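Each chain, letter by letter, is given below.
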Amino acid sequence: MALPNVTGAIIALGYNCHVRVGTNASDAQPIALVASFRASEDFQAQEATVIGNLGPVSIDPQGYNCSISLDGFLPAKRTLDGAIQYADGGKKAIMDYVPSRAQYMESGSMPKIAYLDFYNKRERKILASFKGALITSNGVSVDGNAYAKNNVEMRALTWDKD
């Protein structure tokens, strides 16, 4: 019996993924030059302990946090017929979604990304999708002999696993 190709069959789900943004899955467009992305959930629970019992008598939900980290290359903007386009063909990069200080301070509300997903282009499958993502941190980093990267942290209201 032949074993499957490990890199081709077993771990193919993560290959050729994109981070996409839009108002929903049908209009989501890839963000240009994303180098890595990560999402995590934190479920907080409250234990009810009672004297005389060895363990808790109840564990109840207390809170929820969904965080997303993206980093991507800072691309050079090119204009074609007045429209911005990046070298990989994308229309927007991570930095285009980061609000300015004035947008945060003067608008009275935090700008949200309505829909964000991790999309496997090869399999045509959404690996994870998020609604109501808020950018909570932004930075730029450069390692020796490397390209400049934009590092963004977000929190999302929901992580849909359908």
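Just so it is clear, the structure is predicted and the values come from calculations on it, not from any experiment. (Residues numbered from 1 in each chain as written. Predicted model: local features only at pLDDT ≥ 70, side-chain atom pairs only at ≥ 80, totals over all residues. Heavy atoms only, no water.)

Enquirer: Could you give an account of the pattern of salt bridges, with specific residues and numbers?
Expert: Across all of its chains, the model carries 3 salt bridges by this definition. Put simply, Asp-160 and Lys-131 hold a salt bridge, and the shortest N to O gap is 3.0 Å. Placement of the pair is Asp-160 in strand E11 (residues 158-160) and Lys-131 in strand E9 (residues 125-141), with a sequence separation of 29 residues. Taking the relative accessible area as the measure of exposure, Lys-131 reaches 41% and is therefore partly exposed. (Salt bridge = Lys/Arg side-chain N within 4 Å of Asp/Glu carboxyl O. Helix = DSSP H or I, 4+ residues; strand = E, 2+ residues; numbered from the N terminus. Buried < 20%, exposed > 50% of the residue type's maximum accessible area, 1.4 Å probe, protein only.)

Enquirer: Go over the environment of Thr-136 with me, naming the residues and quoting the values.
Expert: Following the sequence through the fold, Thr-136 ends up in strand E9. On the basis of relative accessibility, which here comes to 44%, the residue Thr-136 falls in the partly exposed class. Taking C-alpha positions, Thr-136 is 9.5 Å from Ser-67, a pair spaced 69 residues apart along the chain. Once you skip the residues sitting within four places of it in the chain, Thr-136 turns out to touch Tyr-104, Glu-153, Met-154 and Arg-155. (Contact = heavy atoms within 4.5 Å.)

Enquirer: How would you summarise a nonpolar patch on the surface if you had to cite specific residues and measurements?
Expert: Together, Leu-74, Val-140 and Val-142 make up an exposed nonpolar region whose accessible area comes to about 260 Å². Position of Val-140 among the secondary structure elements: in strand E9. A residue is classified by how much of its surface remains accessible, and Val-140, at 56% relative accessible area, is exposed. (Patch = residues over 30% accessible without salt bridge, like charges linked within 9 Å, V, L, I, M, F, W, Y side chains within 5 Å. Areas by Shrake-Rupley, 256 points an atom, 1.4 Å probe, with all protein chains shown as cover.)

Enquirer: Can you explain the environment of Asp-96? Please cite residues and give values.
Expert: Inspection of the secondary structure assignment puts Asp-96 in the loop between strand E7 (92-93) and helix H2 (101-107). A relative accessible area of 28% places Asp-96 in the partly exposed class. Looking at Asp-96, its side chain comes within polar contact range of the main-chain nitrogen of Ala-93, at 2.9 Å. (Polar contact = N/O pair within 3.5 Å; in protein donor to acceptor, adjacent residues only side chain to side chain.)

Enquirer: Any details on the pairing of strand E1 (residues 17-22)? Residues and values, ideally.
Expert: Among the 6 residues that make up E1, 5 are buried, leaving the element largely enclosed by the rest of the structure. The sheet contact formed by E1 and strand E8 (residues 112-120) spans 6 bridges and is antiparallel. Residue pairing across strands places Val-21 opposite Leu-116, the latter belonging to E8. Judged from the 2 bridges that link them, E1 and strand E2 (residues 29-32) form a sheet pairing that is antiparallel. Looking at the pairing, Arg-20 lines up with Pro-30 of E2. (Pairing = 2+ DSSP bridges.)

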